[in-house]
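Remarks on the overall topology
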Amino acid sequence: MKVGILTFHFAYNYGAVLQAWGLQQAIESLGHEVCFLNYVPDYMKKRVSPFLGWGLRSGSQMLDTLCHRLGEVKRRKRFSDFSLSHLNVSPKIKSRQDLSDFCDSLDAIVVGSDQVWNLNWLPEFDDTYFLGFLKRPNEIRKIAYGACFGHRQQPGSHLRKAAPLIGRFDHVGMRNEFGESLVEEVTGGPSVRVVDPAFFIPMGDGGKRHEDVSVYAVVNQGAEVCGRVATMVGERSGKRVVVISSAHNIRYDIDSVGLSQVLTFTRLF
């Protein structure tokens, strides 16, 4: 089968890229041909544009934002190089019509993982990740794997528009409990909880596990807890604690987190 994956593979985020890579490997292992649909909806373009987000209109925060954005240039290049060498990405798809036409050649589309169903990000409802653009939805297999709403609370008007589109999916697998229950509430149909595909990636090369305990967070909330758990595991196993750099300025308070080992800050890509 020819399978298209529609997700945030283009994001400069470890979770986004690793879940995409893991899902690709899993589907390919089943004998299918896989490609990522290289389409970025309008509401996501600001997040990935090389020209936006420089903070030129951020007032007193301009210098900090500019410096941070300059530091992101090399990081983004590494993400792009990794995606180019590891992900099977389609040619750039510029419009919804082109996206619909491209999908005519596919046997199935897998939506997710990641927060592809987070309606809080949408100024206006966008049905891209609910496959509302399909011309013949009944002629292609539609699967949501590891999809996530991000939060239990979603805009009611958006959710009502999304509900019938979710109901058209052949299979729905959510990566957390509240997403599973929310789908069942709004569609009346079944859903299941699944493992995020980032965990499909083999640990280390050649089956050898890395000798580090890694800490990665995308928001400050929860970073302290992650640090404490990593420290506990590291001390018990005699392994080094490594903090993987995030796109955001996550601050670890060494004293409050209790990291008794020297933290090594690194970048995967």
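Here we summarise the structure given alongside this text. (Residues numbered from 1 in each chain as written. Predicted model: local features only at pLDDT ≥ 70, side-chain atom pairs only at ≥ 80, totals over all residues. Heavy atoms only, no water.)

Brief notes about the pattern of salt bridges
Definition in use: Put simply, a salt bridge is a Lys or Arg side-chain nitrogen that is within 4 Å of an Asp or Glu carboxyl oxygen. Put simply, DSSP H or I for four residues or longer makes a helix, DSSP E for two residues or longer makes a strand, and each gets a number counted from the N terminus. Summary of the burial criterion: residues with accessible area below 20% of their type's maximum are buried, those above 50% are exposed, and those between are partly exposed, where the area comes from a 1.4 Å probe applied to protein chains only.
Under the counting rule described, the total for this entry stands at 12 salt bridges. Notably, a salt bridge pairs Lys135 with Asp101, separated by 2.9 Å at the nearest N-O pair. Of this pair, Lys135 sits in the loop between β3 (108–111) and β4 (141–147) while Asp101 sits in helix α4 (residues 96–103), and the two are 34 residues apart along the sequence. The class of Lys135 is partly exposed, set by a relative accessible area of 42%. Here Glu180 and Arg193 are joined by a salt bridge, their closest N and O atoms 3.2 Å apart. Of the two residues, Glu180 sits in helix α6 (residues 177–187) while Arg193 sits in strand β6 (residues 192–193), which places them 13 residues apart along the sequence. Taking relative accessible area as the criterion, Arg193 reaches 48% and is therefore assigned partly exposed. Among the charged side chains, a network of salt bridges with common partners joins Asp101, Asp104, Lys135, Arg136 and Glu139.

Things to note about the packing of aromatic side chains
In plain terms, the rule: Note on aromatic contacts: the rings of Phe and Tyr and the six-membered ring of Trp form a pair at centre separations within 6.5 Å, being stacked when their planes are under 30 degrees apart, edge-to-face when over 60 apart, and tilted otherwise. Think of it as a cone above the ring: NZ of Lys or CZ of Arg counts as a charge over the ring if it is within 6 Å of the ring centre and within 35 degrees of the ring normal.
The tally for this structure, following the rule as stated, stands at 11 aromatic pairs. Ring plane angle 45 degrees and centroid distance 5.0 Å describe the contact between Tyr14 and Phe79, whose orientation is recorded as tilted. Taken together, the positions of Tyr14 in helix α1 (residues 14–29) and Phe79 in helix α3 (residues 62–86) put the pair 65 residues apart, joining distant regions of the chain. For Tyr14, a relative accessible area of 2% corresponds to the buried category. Between Trp117 and Phe130, the aromatic rings sit 5.2 Å apart at their centres with planes inclined by 15 degrees, giving stacked as the arrangement. Here Phe130 lies in the loop between β3 and β4 and Trp117 lies in the loop between β3 and β4, a separation of 13 residues in the sequence. A single burial state applies to Trp117 and to Phe130, both of which are buried. Every member of this aromatic cluster is reached through a ring pair, and the members are Trp117, Phe125, Phe130, Phe149 and Phe169. The ring of Tyr14 is capped by Arg75, whose NZ or CZ atom sits 5.2 Å from the centre of that ring.

Focus: the side chain of Asn38
We apply this condition: By the criterion applied in these results, polar contacts are pairs of N or O atoms within 3.5 Å in which, for protein atoms, one can donate a hydrogen and the other can accept it, and in which residues neighboring in sequence qualify only through two side-chain atoms. Residues count as neighbours in contact if any of their non-hydrogen atoms are within 4.5 Å of one another.
Here Asn38 shows up in the loop between β2 (33–36) and α2 (42–48). Within polar-contact distance, the side chain of Asn38 engages the side chain of His9 at 3.5 Å. Contact partners of Asn38, with chain neighbours within four places excluded, come to His9, Val89, Ser90, Pro91, Lys92 and Ile93.

Thoughts on empty space enclosed by the protein
As a reminder, the rule being used: Site definitions follow a grid-based scheme: protein atoms alone, a 1 Å grid, a 1.4 Å probe that fits but cannot get out for cavities, and for pockets an open set with protein on both sides within 12 Å along at least five of seven lines, plus lining residues having an atom within 4 Å of a point. Grid points are joined across faces, edges and corners, and a volume is the space filled by probe spheres set on the points. Residue type decides the class: Asp, Glu, Lys and Arg count as charged, Ala, Val, Leu, Ile, Met, Phe, Trp, Tyr, Cys and Pro as nonpolar, and the leftover types, Gly among them, as polar.
On inspection of all chains with the given rule, the structure shows 1 cavity of 30 Å³ or more. Quantified by volume, the largest cavity comes out at close to 40 Å³. Along the walls of the largest cavity sit Tyr43, Val116, Asn118, Leu119, Leu122, Asp126, Thr128, Tyr129 and Phe130, which together make up its complete lining. When the residues that make up the lining of the largest cavity are grouped by side-chain class, the tally is 6 nonpolar, 2 polar and 1 charged.

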